[in-house]
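Tertiary structure, described
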Amino acid sequence: MSSRPGAAWPLVAVFTAGYLASYLLPTVVGRLSAHLGLSPAQAGLVGSALLLSSAGAGFALAGRVERFGARTPARAGLVLAAVGYGCAALAGSVPLVVLGVTVGGFGSGTATAVAASGIAARRDPHRTSSLGLLTVSATAGVLYLTIPHLGGGHRLPFAAIALVALLVWPATARLDGVRTAEETSSPVTGRLPHRRSGLVLAGGMLIWSMAQNALWGVSSRIGLDQAGLSEVTVGAVFAAALGAGLLGVTGAGLLGARLGRAVPIGLGTVVIAASIVLSSSARDLGSFATGEIMWNTVYPVVLSYLIGLAASLDVRGRWAVLAGSASSVGVACGPLLGSVLSEEAGYPAMGLILGAATLLVAAPVTAVALHTGGRPLVPGSVRRRGGAPAALLAATTGGGLSGAVPKLGSPEQAVTELRVRRRRLVRSAIRTAGPDGGSGQSNAYASTSDR
């Protein structure tokens with residue numbers, strides 16, 4: 001495999017196919033409850049089975065994608081997704097639907113693991129993850145606009161996910177494979193780097209995703225039952241919210257590393273917590289649409305920075321896959337948690353609980369972003385992995401080195417350790433120069449120049 005990264009669009013396509021099921025979770029859970037006679041908690045359990053299977057695939061493939069290359073596991077995942085969701089769409093009984101979504105979920109997780117490994121190996125993982133979230137948001141938005149008008153019971157959402165998996169299949173021919181440790185510019189060992197930061201990030205993403213998807217899994221029920229909206233109106237609100245998410249992801253891609261990772265993650269999580277409380281307490285179209293749109297605008301922005309942060313911890317993509325799988329576990333538990341909380345405490349109380357949990361997890365995740373280089377370079381500061389102050393460089397170079405000073409917001413530069421050979425001083429190195437032909441001076445120069 002070449003060490004030169006290929007085009008990003010095959011990874012973006014596979015990422016879209018893997019993530020689409022979680023984006024369509026509200027309509028999947030809602031239609032399972034409405035058309036198969038399941039209670040909200042039971043429908044949430046089916047959604048949890050799908051996402052737990054997806055998380056299991058991610059944990060199983062963490063660190064192993066490079067062993068097989070990207071193309072083979074990606075194709076296997078897309079086949080499993082198409083077959084599993086296709087069977088769930090054709091099945092009319094609950095056990096067969098559960099079996100189908102379990103197989104399909106494993107396929108989605110496999111595709112997501114391949115995409116995450118490939119994104120981590122790229123020079124700018126945040127940009128590629130932003131493109132992936134942009135594409136999956138656009139795809140889900142189109143489906144939210146069309147599915148309510150087509151009917152089809154529980155079959156149509158599953159059929160749509162299976163169809164997207166089939167459409168993405170040709171893109172796997174352009175996958176160059178995930179670069180191995182020897183092919184990357186930074187040497188890595190078999191041991192996971194940044195273990196403490198990675199574990200904190202993975203645990204934080206689990207709780208963060210659980211809180212988000214606890215609300216997302218019951219959002220359609222909030223709109224239908226509490227706000228009194230029709231399914232077409234709720235679908236339009238979701239489409240508008242995902243459209244706003246497109247703008248948010250586009251803005252995140254343009255912003256890049258100018259503010260580092262800590263500011264978008266920390267501030268964005270606070271906004272998300274407020275949006276959760278507003279959406280869950282909505283009793284009319286205005287408050288419901290405001291909460292959902294504000295939440296979906298910021299949610300993919302923070303998620304893109306979290307994915308980029310996980311990818312930056314390990315060039316082989318192991319933390320990207322592990323953190324993504326932990327997030328999938330949170331996503332899987334979310335619908336069940338949301339259903340139980342809404343049934344036991346009501347939607348407003350559920351929103352307060354989820355908002356508080358989101359705020360609590362913001363601090364450790366933001367600390368990881370700060371600790372692992374999420375802060376931008378600030379002119380005039382000496383950084384261990386950054387550049388020298390502007391005044392010092394200007395004084396020593398006479399202002400002749402254009403671009404020597406990192407710009408405000410530039411990402412931190414990697415450190416390359418150099419091994420310097422040491423030589424012991426010999427007696428001739430400290431002899432004074434005498435009138436004997438300057439041999440002492442010559443020897444001193446020769447000895448010191450070797451160091």
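Residues numbered from 1 in each chain as written. Predicted model: local features only at pLDDT ≥ 70, side-chain atom pairs only at ≥ 80, totals over all residues. Heavy atoms only, no water.

**Digging into a nonpolar patch on the surface**
Stated precisely, the cut-off is as follows: Residues enter patches when they are more than 30% accessible in relative terms and free of salt bridges; like-charged ones are connected within 9 Å and nonpolar ones (Val, Leu, Ile, Met, Phe, Trp, Tyr) within 5 Å. For the accessible areas, the method is Shrake-Rupley and the probe is 1.4 Å, while residue cover comes only from the protein chains on display. A pairing counts as a salt bridge when a side-chain nitrogen of Lys or Arg comes within 4 Å of a carboxyl oxygen of Asp or Glu. Secondary structure elements follow DSSP: runs of H or I no shorter than four residues count as helices, runs of E no shorter than two count as strands, and numbering proceeds from the N terminus. Only protein chains enter the area calculation, which uses a 1.4 Å probe; residues under 20% of their type maximum are buried, those over 50% are exposed, and those in between are partly exposed.
Taken together, the side chains of Leu80, Leu96, Leu99, Val103 and Phe106 define a hydrophobic patch exposed on the protein surface, amounting to about 400 Å² of accessible area. Sorting elements by how many residues they give to the nonpolar patch places helix α6 (residues 94–120) first, with 4 residues. By secondary structure assignment, the location of Leu99 is in helix α6. Leu99 sits in the exposed class, given a relative accessible area of 52%.

**Remarks on the packing of helix α9 (residues 195–226) against helix α10 (residues 231–255)**
How we decide: Helix axes use the C-alpha atoms of the stretch in contact, all axes being lines fitted to C-alpha atoms, and the angles between their N-to-C directions lie in the range 0 to 180 degrees. Each angle is binned into one of four classes, with values under 35 degrees roughly parallel, values over 145 roughly antiparallel, values of 65 to 115 roughly perpendicular, and all other values oblique. Crossing handedness: left-handed means the near helix sits turned counterclockwise from the far one by under a right angle, and right-handed means the same turn made clockwise. In what follows, residue pairs with any heavy atoms lying within 4.5 Å of each other are defined as contacts. Three residue categories are used. Nonpolar comprises Ala, Val, Leu, Ile, Met, Phe, Trp, Tyr, Cys and Pro, charged comprises Asp, Glu, Lys and Arg, and polar comprises the others, including Gly.
For the pair α9 and α10, interaxial distance at closest approach is 9 Å and the crossing angle is 135 degrees. Accordingly, the angle class assigned to the pair α9 and α10 is oblique. Handedness of the crossing formed by α9 with α10: right-handed. Seen from α9, the contacting residues are Trp216, Ser219, Ser220, Gly223 and Leu224; seen from α10, they are Glu231, Val234 and Phe238. Class assignment for the residues of the contact of α9 with α10 results in 4 nonpolar, 3 polar and 1 charged.

**A word on the packing of helix α1 (residues 9–23) against α6**
Two numbers describe a pair of packed helices, the interaxial angle and the distance between the axes. Contact geometry of α1 with α6 gives a least axis separation of 8 Å together with a crossing angle of 140 degrees. Classified by the angle between their axes, α1 and α6 sit oblique to one another. Here α1 and α6 pass one another in a crossing that is left-handed. Contacts between α1 and α6 involve Leu11, Val14, Phe15, Ala17, Gly18, Tyr19 and Ala21 from the former and Ser108, Ala111, Thr112, Val114, Ala115, Gly118 and Ile119 from the latter.

**Topic: the side chain of Ser108**
The line we're drawing: Under the rule applied, a polar contact is a pair of N or O atoms within 3.5 Å (in protein, one hydrogen donor and one hydrogen acceptor; residues adjacent in sequence only if both atoms are side-chain atoms).
Structurally, Ser108 is set in helix α6. Here Tyr85 takes part through its side chain, which lies 2.9 Å from a polar atom of the side chain of Ser108. Setting aside residues up to four positions removed in sequence, Ser108 forms contacts with Ala17, Gly18, Ala21, Ser54, Gly77, Ala81 and Tyr85.

**Thoughts on the pattern of salt bridges**
Inspection of every chain in the model, using the stated rule, returns 2 salt bridges. Where Glu231 meets Arg31, a salt bridge forms, and the shortest distance between an N and an O atom there is 3.4 Å. Taken together, the residues Glu231 in helix α10 and Arg31 in helix α2 (residues 25–35) connect sequence positions 200 residues apart. With relative accessibility at 4%, the residue Arg31 sits in the buried group. In this structure, the salt-bridge partner of Asp225 is Arg221, at a minimum N-O distance of 3.3 Å. Within this pair, Asp225 and its partner Arg221 are both found in helix α9, separated by 4 residues, close to a single helical turn. Taking the relative accessible area as the measure of exposure, Asp225 reaches 46% and is therefore partly exposed.

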